[in-house]
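Spelled out from the first residue to the last, the chains are:
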Amino acid sequence: MPAEGPAAVGVGAVVVAAGQGHRFGAPQPKQFVDLCGMPVLAWSLRTLVNHPDVDRVVVVLSPSRAASPPAWLPDGVLVVPGGVFRADSVRAGVEALAGGVETVLVHDGARPFVSAALVSRVVDGARAGPVVPVVAVEDTVKRVDEGGWIEGTVPRERLRRVQTPQGFPARVLNRTHAIDDAGTWEAQDAGAVTDDALLCERLGIDVATVEGDPANLKITTAEDLALARAMVETGLIAAGN
Ligand code: C5P
């Protein structure tokens, strides 16, 4: 929405789904694959679209899909074309919301099992500042050298796995993504930006954590999809949640 539009209110969500999913090894990207009767991305969108705190949803698709979006996208979702790297796609979505909302959630389209409770925690946290949902690391973690030999053991007590949605005051996200300064953005190493909090870290902006959800898995490989299907088939995730 343009800056001269109505005053910014409420919460917007950017769902990024413009990736090619090379690690998935299927003809179509993982977010478009069927997961028990619905594409993965449709699951991800549904929770956000139905959430009472979320006022607007933008989905970022590859330019070719954005030109003819799938018919199953929920009504009211705004479609924008993405970029080369995830961070470029996020920026395109943030730009589409700019000036229209006070709080922005950024979610991976490949995380179908985001729960309404998790969205609420992130929205509440994001009113105060940037916030990411995290889960504890349960495996022992080793650091290896280039040859694969173990160099040492990383204490895991303070390690966290980071999930989405990540939440931000819109003014912070606009700054981290240089919405008003494309030149500054071009100078960023967007390919190295694997999540949105990282851009806050680069600018020295504090990022809080909230409790994530072990069920909020990201579908990257065929094994992840098989696990996701089993989670629905066994009733761990409600088929129509
Ligand atoms: O590659 P990765 O699994 O980190 O991608 C996370 C999310 O970012 C996926 O939903 C993917 O579709 C999206 N993405 C994107 N634009 C890109 C690359 C990834 O929207 N250029």
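Just so it is clear, the model here is predicted, and its values are computed rather than measured. (Residues numbered from 1 in each chain as written. Predicted model: local features only at pLDDT ≥ 70, side-chain atom pairs only at ≥ 80, totals over all residues. Heavy atoms only, no water.)

**Q** What should I look at first to understand the pattern of salt bridges in this one?
**A** Side chains carrying opposite charge are able to pair once their charged atoms draw close together. Tallied over the entire structure, the rule returns four salt bridges. Across the pair Arg-86 and Asp-108 runs a salt bridge whose closest N-O atoms are separated by 2.9 Å. Residue Arg-86 is located in helix α3 (residues 86-97), and its partner Asp-108 is located in strand β6 (residues 103-108); the two are separated by 22 residues in the primary sequence. Given the relative accessible area of 10%, Asp-108 is considered buried. Two residues, Arg-86 and Asp-196, come together in a salt bridge whose shortest N-O distance is 3.1 Å. Of this pair, Arg-86 sits in helix α3 while Asp-196 sits in the loop between α6 (182-186) and α7 (197-202), and the two are 110 residues apart along the sequence. (Salt bridge = Lys/Arg side-chain N within 4 Å of Asp/Glu carboxyl O. Helix = DSSP H or I, 4+ residues; strand = E, 2+ residues; numbered from the N terminus. Buried < 20%, exposed > 50% of the residue type's maximum accessible area, 1.4 Å probe, protein only.)

**Q** What is the right way to look at helix α8 (residues 222-233) in this model?
**A** Three or four residues apart is the spacing at which side chains of an α-helix point the same way, because the helix has 3.6 residues per turn. With twelve residues, α8 extends 16 Å between its outermost C-alpha atoms, agreeing within 8% with the 16 Å of an ideal straight helix rising 1.5 Å per residue. Taken residue by residue, α8 has Asp-224, Leu-225, Ala-228, Met-231 and Val-232 as its buried positions. Down the axis, α8 shows its buried residues gathered within 120° of arc, on one side only. Turned more than 90 degrees off the buried face of α8, the exposed positions are Glu-223 and Glu-233. Where α8 is buried, its residues meet β2 (34-35) and α1 (40-50). (Expected span 1.5 Å × (residues − 1). Arc of directions from axis to C-beta. Contact = heavy atoms within 4.5 Å.)

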